[in-house]
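Listed below, chain by chain, are the residues.
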Amino acid sequence: MAQLFFRYGAMASGKSIEILKVAHNFETQGRHVLLLTSALDNRTEIGSIASRIGMQRPALAIHDTDDLFYIARNAKDDISAVLIDEAQFLSRAQVKQLTEVVDELDIPVMTFGLKQDAFNQLFPGSEALLIYADKIDEMKTLCSLCTRKATMNLRVTDGKPVYSGAQVQIGGDDSYMPVCRHHYNHPDLEKIANRMTEA
């Protein structure tokens, strides 16, 4: 029976490499996947899933007005799974469309993304996935400033933490650091400056 999966984690927890690995595993068995990513993510190029270790492949870039049930139902190949990167940018309506892909088309859907933004507010897509997903799994990574588990994303501008602003600001290692709760609330400015010069 198909299910809706949500795998979340702080930045640099391996979400993009994991989705590429899952796609590869399906395809080596001769099965087609529908690979989707948010059109908001322009860190490499729009319509591309890229991991920090250099692996990259094209995906269908989706906007928040796209009907994902329609896209899955009308895919040119007989698809065995729908895989979505940057799932935090989905709309609530799109997450409900994914439940229809699972329940009506009997196609498993695996989504990967952040749970919360840099100000510890849930993204709309993540909130909906936490409600509707059949299985939820955390992908873990270490704090950039210590050996604790990273649970938050610290936005950094000019070497200084930023605690207010727009929810969506696309960026990579030059703009965000995965951190533990302690270092989110009590950042080590010297370590941050050193990490940002390395990024």
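As shown above, the structure is provided for reference.
Here the residue index of a chain counts from 1 through its sequence in written order. Given that this is a predicted model, residues contribute local features only at a pLDDT of at least 70 and side-chain atom pairs are listed and counted only at 80 or more, while totals for whole chains, interfaces and linings are drawn from all residues. For side-chain calculations, the full set of non-hydrogen atoms in the structure is used, while hydrogens and water are omitted.

Digging into the overall build of the protein
Rule in force here: Secondary structure elements are defined from DSSP: runs of H or I of at least 4 residues count as helices, runs of E of at least 2 residues count as strands, and each element is numbered from the N terminus. The globule rule used for comparison is 2.2 Å times the number of residues to the exponent 0.38, while the radius of gyration itself is calculated over C-alpha atoms. We call a residue buried when its accessible area falls under 20% of the maximum for its residue type, exposed when it is over 50%, and partly exposed in between, using a 1.4 Å probe and counting protein chains only. The contact criterion used throughout is that any non-hydrogen atoms of two residues lie within 4.5 Å. Residue-level accessible areas treat just the shown protein chains as cover; the underlying method is Shrake-Rupley with a 1.4 Å probe.
Tallying secondary structure elements over the protein gives six helices and 11 strands in all. Against the globule reference of 16 Å for 199 residues, the protein gives a C-alpha radius of gyration of 17 Å, in line with a compact fold. The principal-axis extent of the C-alpha atoms belonging to the protein is close to 55 × 30 × 25 Å. For the protein, the residues scored as buried account for 48% of the 199 residues in total. Taking all contacts inside the protein whose residues are at least 6 apart in sequence as the whole, residues at least 24 apart take part in 74%. Working note: accessible area of the protein is about 10,200 Å², and carbon and sulfur atoms make up 48% of it.

Some details on the sheet that holds strand 11 (residues 176-179)
Pairing between sheet strands relies on hydrogen bonds along the backbone, with the strands arranged either parallel or antiparallel. Using the following cut-off: For two strands to count as paired, DSSP must find a minimum of two bridges between them. In this analysis an axis means a line fitted to C-alpha atoms, helices contributing only their contacting stretch, and an angle means the value between N-to-C directions, from 0 to 180 degrees.
Across the sheet, which stays open at both edges, the three strands sit in the order 10-9-11 with antiparallel pairing between neighbours. Since the sheet does not close on itself, it has two edges, and those belong to strand 10 (160-162) and strand 11, each with one partner. On average, adjacent strands in this sheet sit at an angle of 45° to one another, irrespective of strand direction. Of the pairings in the sheet, the one linking strand 9 (residues 152-157) to strand 11 comprises four bridges and is antiparallel in character. By the bridge assignment for strand 11, Asn153 is matched with Pro178.

With respect to the nonpolar core
Note the cut-off: Grouping buried Ala, Val, Leu, Ile, Met, Phe, Trp, Tyr and Cys residues that are joined through side-chain atoms within 4.5 Å yields what is termed a nonpolar core.
One finds Leu68, Val82, Ile84, Leu90 and Val109 to be the most contacted residues of the largest nonpolar core, which totals 25 residues. If you look at the next biggest cluster of nonpolar residues, it comprises 17 residues, including Phe123, Leu145, Tyr184 and Ile192.

Digging into the sheet that holds strand 2 (residues 32-38)
If you walk across this open sheet you meet the six strands as 5-2-6-7-1-8, and the pairing is parallel. Edge strands, defined here as strands with exactly one partner in the open sheet, are strand 5 (60-62) and strand 8 (135-138). Put simply, the sheet's adjacent strands are angled 20° from each other on average, direction ignored. In this sheet, strand 8 lies alongside strand 1 (residues 4-8) in parallel orientation, the contact comprising four bridges. Note on strand 8: the bridge partner recorded for Tyr8 is Glu138. Together, strand 1, strand 2, strand 6 (79-85) and strand 7 (109-113) form the strand contacts of helix 1 (residues 15-28), whose direction differs from that of strand 6 by roughly 170°.

Looking at a negative patch on the surface
Note the following rule: Exposure above 30% relative accessible area and the absence of a salt bridge qualify a residue for a patch, where like charges join within 9 Å and nonpolar side chains (Val, Leu, Ile, Met, Phe, Trp, Tyr) within 5 Å. Salt bridge, as used here, is a side-chain nitrogen of Lys or Arg placed within 4 Å of a carboxyl oxygen of Asp or Glu. None of His or the chain ends enter the tally, which takes Lys and Arg as positive and Asp and Glu as negative. One atom stands in for each charge, and that atom is NZ of Lys, CZ of Arg, CG of Asp or CD of Glu.
Judged by side-chain charge, Asp67, Glu100, Asp103, Glu104, Asp106 and Asp134 come together as a negatively charged surface patch. Structurally, Glu100 is set in helix 3 (residues 92-105).

Digging into the pattern of salt bridges
What the rule picks out here adds up to five salt bridges. Put simply, Arg7 and Glu18 hold a salt bridge, and the shortest N to O gap is 3.1 Å. Residue Arg7 is found in strand 1, and its partner Glu18 is found in helix 1; the two are separated by 11 residues along the sequence. By relative accessible area, which is 16% here, Glu18 ends up buried. In this structure, Arg7 and Asp137 form a salt bridge, with 2.7 Å as the shortest nitrogen-oxygen distance. In this pair, Arg7 is assigned in strand 1 and Asp137 in strand 8, connecting sequence segments 130 residues apart. Looking at Asp137, the relative accessible area reads 33%, which means it is partly exposed.

Read these as geometric descriptors, not functional statements.
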